[in-house]
Amino acid sequence: MPRSAVLGLPRIGPDRELKFALEAYWAAGTGETELLETARALRAANWKRAAAAGIDVIPCGDFSLYDHVLDTAWALGAIPSRFGALDRRSLADYFVLARGGDEHRPLEMTKWFDTNYHYLVPELEPGMEFDLRADHWTGPLAEATELGIAVRPVVLGPLSFLLLSKGLDRPLDALDDLVPVYVQLLAELAAAGATEVQVDEPCLALDRTAAELAAFAKAWPALAEAVDGLDLCLATYFAGLDPEVLGQVAALAPAELHLDLVRAPGQLAPALTALADAPTRLSLGVIDGRNVWAADADLALDRIDTAVAALGEERVTIAPSCSLLHVPHEAAREDGIDPEVRPWLAFCVEKLVELEVLRRAATPDADRDVLLSAARAITSSRRTSSHTNDPAVRERAGALAAGDYERPAPFPERRARQAERLGLPELPTTTIGSYPQTDAIRAARRDLREGRLDPAAYEDFIRSQVDEVVAFQEEVGLDVLVHGEPERNDMVEYFGQQLAGFAFSANGWVQSYGSRCVKPPILFGDVSRPAAMTVDWWRYAQSRTEKPMKGMLTGPVTILQWSFVRDDQPRAETCTQIALAIQDEVLDLEAAGAAIVQVDEAALREGLPLRAAARDDYVRWAVDCFRLATAPARAETQIHTHMCYSEFNEMIEHIIRLDADVLSIEASRSGMEVLDAFVDGVSYPNEIGPGVYDIHSPRVPSVGEIEELLELAERRIGRERLWVNPDCGLKTRRWEEVRPALANMVAAANRRRAAIGVA
Ligand code: GLN
Ligand code: ZN
């Protein structure tokens, strides 16, 4: 019969035990034993849970105290020389790579493919000598053996390890040096009792050159032949293998190949063809490891049946699409979620149960109607619910026409009318929205939540915060003010809580990096806006000043991107619904008198699909959704947008198509070089505020250095279209830093205004 497998399990624990143990250890510098004990207990609990659920293949070595890419670098001895001599048995030294030390900047961190998990980027050096320490895997292997649970070690493969690293011009040239170290690792794992090893090669599923594929094909046999009788499962996920790649992989005849059939169901048919005559077992990633929805069991079984028919049941494994690291622990605990919606959810614990149901249903002569009845009831409840089918929302989205995506006048005309209405000076100064989230603000929020503060008293408190932020901005001389966002904790949560179609878990945490976890809103239904969300606060803030007060909204793509999104319709459709809800808010702000509305799209770029072929479609609908949210604003209403990153090179034409009147971006750390993307080739026509103050650092920039950045920006963009603002919101900074930094920013703008043109 087919077997079931899990590629990886959540690390942080049902109640974020790992987070608290790590933070206690870091804070005190002691408690190593407690931390290691917590980690050991979490691993054991994971294995026992999976074993109790009946899972046949259970992972080990996927657990990490910080990050599995860091673990791999640490185990391989890929430690950059700038860290000097580190003791690889020392936990404290391990954390130096992750978090930095007195004299060391940590390894850079970046997003793990298109997830919200971040890994540490290994820094390789030419001629680096690798040197194996396998205890990251052999330790847990021994623990599991002690518990009587058979496990399969999970290793990040050499191709992906090298491609995810930086520092080498031709990273795959290092395969020759690295493969022997992997061979040694596999030998040690076999010696420690492993009979199978999962070799993760997610990079194989991205756009790969023929040379890269050839390098992989050359490296693989050495791994596969490392130990007689040790089976390797080549695991890919997050995207699909192209038919040619499937052919090449089949020729390598791995013992098992895992495919992500949730993200890329189209690869099943070519995979079955390619593997027809290979000995390879196919692992079908049919349960979504990236999302929180109960599986459509019949759809999954269709795929399983197809594979069993082609390969035979002994050559089929049933699995989640990828590691379950990216889903929270257990949905059943979420008793705060609408009882109609909660059964639609499957976190890790529920997905383990689903796997077992599928495995049983896939056995010959299984009574599927009995086995699947619960799953089918959930699928049908979700499909027919009024939450997922709001006729008013559907009618409105269905009636959209091309004109709904167009501002009422072209930019030059809007610009003239806005200039007349606003009367701003040259180089207008503003901020991105948030001001410091102080302890007092956090305490007030907590007191409100826990009932120590009544809503009226909380609102009084927030009003006092707005008063302070407005008074400060007046005093320091900013031109366009904001209310400071004291009432918002997480911006997506703030909007999600006021929109129909979103649910919030109490415990739905997933790891973002190290001990940091996020709890994304769950977008389960048709989205609409029952009532205005920000207008009262805007109106209050505007009443405290004569200067223009920006309305401050989060954009549809960002709300989509930072939520767990329903999977029963295309993301573009869901995003359109959000866009219409935001549009309602833009129009209400405008009607209340707002002359400027900012719609932040911090996550526009990170939504870019992993495979190039899918990107055009994404940017088309993502940009359309922003346009839809802002289009009906009158010509004299100035629409701002903000994006806090600085890689615009391939994006510029799409950024232009957003047609925001003013765009603020992160620019200070690149010394304004990011602006080159806005002037080379197709140049950006609208107004732009490149950040002149790096808000990621507590450092206060001097007037002189801001002035210099402004001058660099003027050279590139010209003074007429330039705004002056920080890189991003100020919520993570302290007032002691923000006050002088913004005073310096205004002073620098004044000096540039006084300067005659560009020197
Ligand atoms: N308006 C938001 C703020 O200032 C924007 C945050 C963001 O783009 N990440 O905090
Ligand atoms: Zn930002």
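Up top is the structure.
From N to C terminus, the protein chain includes 26 helices and 20 strands. For 759 residues, the compact-globule estimate of 2.2 N^0.38 gives 27 Å, and the C-alpha radius of gyration of the protein chain, at 27 Å, lies within 12% of that figure. Seen through its principal axes, the protein chain has C-alpha atoms that stretch 75 × 60 × 55 Å. For the protein chain, the proportion of its 759 residues judged to be buried stands at 58%. Across the protein chain, every contact between residues at least 6 apart in sequence was considered, and the portion connecting residues at least 24 apart equals 78%. Total accessible area on the protein chain is roughly 29100 Å²; 50% of this is exposed by carbon and sulfur atoms. In the protein chain, the 77 positive side-chain charges and the 118 negative ones have mean positions that sit 3 Å from each other.

This part takes up the state of the cysteines. The tally for this structure, following the rule as stated, stands at 0 disulfides. Left unpaired, Cys-203 is separated from the closest cysteine sulfur, that of Cys-322, by 14 Å. On the basis of relative accessible area, Cys-203 is assigned to the buried category, the value being 3%. Note on Cys-575: no disulfide assigned, nearest cysteine sulfur contributed by Cys-625 at a separation of 3.6 Å. Judged by relative accessible area, which is 0%, Cys-575 ranks as buried.

Quick look at the coordination of the zinc ion (ligand 2) now. Distances from the zinc ion (ligand 2) to its protein donors, His-642 (NE2), Cys-644 (SG) and Cys-728 (SG), fall at 2.0 to 2.4 Å. In this structure, the zinc ion (ligand 2) is surrounded by 4 donor atoms whose angles at the metal cover 82 to 122 degrees, and the resulting shape is irregular. In terms of primary sequence, the donors binding the zinc ion (ligand 2) are separated according to H-x1-C-x83-C.

This part takes up the packing of aromatic side chains. Under the definition given, this model contains 19 aromatic pairs. Ring centres 5.7 Å apart and planes at 50 degrees place the aromatic pair Tyr-25 and Phe-95 in the tilted group. Placement of Tyr-25 in helix 1 (residues 17-28) and of Phe-95 in helix 4 (residues 91-99) is noted, with a sequence separation of 70 residues between them. Judged by relative accessible area, which is 5%, Phe-95 ranks as buried. An angle of 90 degrees between the planes, with centres 5.4 Å apart, marks the rings of Tyr-494 and Phe-495 as edge-to-face.

This part is about the site of ligand 1. Lining the immediate surroundings of ligand 1 are Ile-432, Gly-433, Ser-434, Glu-485, Met-491, Met-552, Asp-600, Ala-602, His-642, Cys-644, Cys-728 and Gly-729. Interatomic distance of 2.7 Å between a side-chain N/O atom of Ser-434 and an oxygen atom of ligand 1. Residue Asp-600 places a side-chain N or O atom 2.7 Å away from a nitrogen atom belonging to ligand 1.

Two elements in contact, helix 14 (residues 391-398) and helix 21 (residues 571-592), have axes whose closest approach is 10 Å; the angle formed by their N-to-C orientations is 90 degrees. Between helix 14 and helix 21, the crossing angle belongs to the class labelled roughly perpendicular. Across the interface between the two elements, Val-393, Arg-394, Arg-396 and Ala-397 from helix 14 touch Gln-577, Leu-580, Gln-583 and Asp-584 from helix 21. Residues belonging to the contact of helix 14 with helix 21 are distributed by class as follows: 3 nonpolar, 2 polar and 3 charged.

What follows deals with unusual backbone geometry. In this structure, Phe-238 is a non-glycine residue whose phi angle is positive, near 80 degrees. By secondary structure assignment, the location of Phe-238 is in the loop between strand 7 (231-235) and helix 9 (243-252). What makes Phe-238 buried here is its relative accessible area of 3%. Here the phi dihedral of Asp-365 falls at roughly 65 degrees; this positive angle occurs in a residue that is not glycine.

Parameters at a glance
- Within every chain, residues take consecutive numbers counted from 1 along the sequence as written.
- Numbering of ligands from 1 and lettering of chains from A proceed in the order in which they are written.
- Reporting of local features is limited, given that this is a predicted model, to residues whose pLDDT is at least 70; pairs of side-chain atoms are given and counted only at 80 or more, and all residues count toward the totals for whole chains, interfaces and linings.
- No hydrogens and no water enter the side-chain calculation; it runs on all heavy atoms of the structure.
- Only DSSP runs of H or I with at least four residues qualify as helices, and only runs of E with at least two residues qualify as strands; both kinds are numbered from the N terminus onward.
- Note on method: radius of gyration uses C-alpha positions; expected globular size equals 2.2 Å times residues raised to 0.38.
- Partly exposed residues are those whose accessible area sits between 20% and 50% of the maximum for their type, while under 20% is buried and over 50% is exposed, using a 1.4 Å probe and protein chains only.
- The contact rule is simple, with two residues in contact once any of their heavy atoms fall within 4.5 Å.
- A 1.4 Å probe and the Shrake-Rupley method give the accessible areas. Residues count as covered only by the protein chains that appear here.
- We score Asp and Glu as negative and Lys and Arg as positive, and we do not count His or the chain ends.
- To locate a charge, the coordinates of NZ of Lys, CZ of Arg, CG of Asp or CD of Glu are taken.
- Whenever a pair of cysteine sulfur atoms sits within 2.5 Å, that pair is classed as a disulfide.
- A 2.8 Å cut-off from the metal defines N, O and S donors, relaxed to 3.2 Å for Na, K and Ca; water is not in the atom list, so some sites may appear incomplete.
- Key to geometry: four donors with every angle between 85 and 135 degrees are tetrahedral; four donors are square planar and six octahedral where opposite donors lie over 155 degrees apart and all remaining angles lie between 65 and 115; all other sites are irregular.
- Each Phe, Tyr or Trp ring (for Trp, its six-membered ring) is paired with any other whose centre lies within 6.5 Å, and the angle between the two planes then decides the class: stacked below 30 degrees, edge-to-face above 60, tilted in between.
- A cutoff of 4 Å decides nearness: a residue is near a molecule or strand if any of its heavy atoms lies inside that distance of it.
- Throughout this description, a polar contact denotes any pair of N or O atoms lying within 3.5 Å of each other; where both atoms belong to protein, one of them has to be capable of donating a hydrogen while the other can accept it, and for residues adjacent in sequence the pair is counted only when both atoms sit in side chains.
- Axes here mean lines fitted to C-alpha atoms, for a helix over just the part in contact, with angles spanning 0 to 180 degrees between N-to-C directions.
- Orientation labels follow simple angle bins: below 35 degrees gives roughly parallel, above 145 gives roughly antiparallel, 65 to 115 gives roughly perpendicular, and whatever is left gives oblique.
- Here the term charged refers only to Asp, Glu, Lys and Arg, the term nonpolar to Ala, Val, Leu, Ile, Met, Phe, Trp, Tyr, Cys and Pro, and the term polar to all other amino acids, Gly among them.

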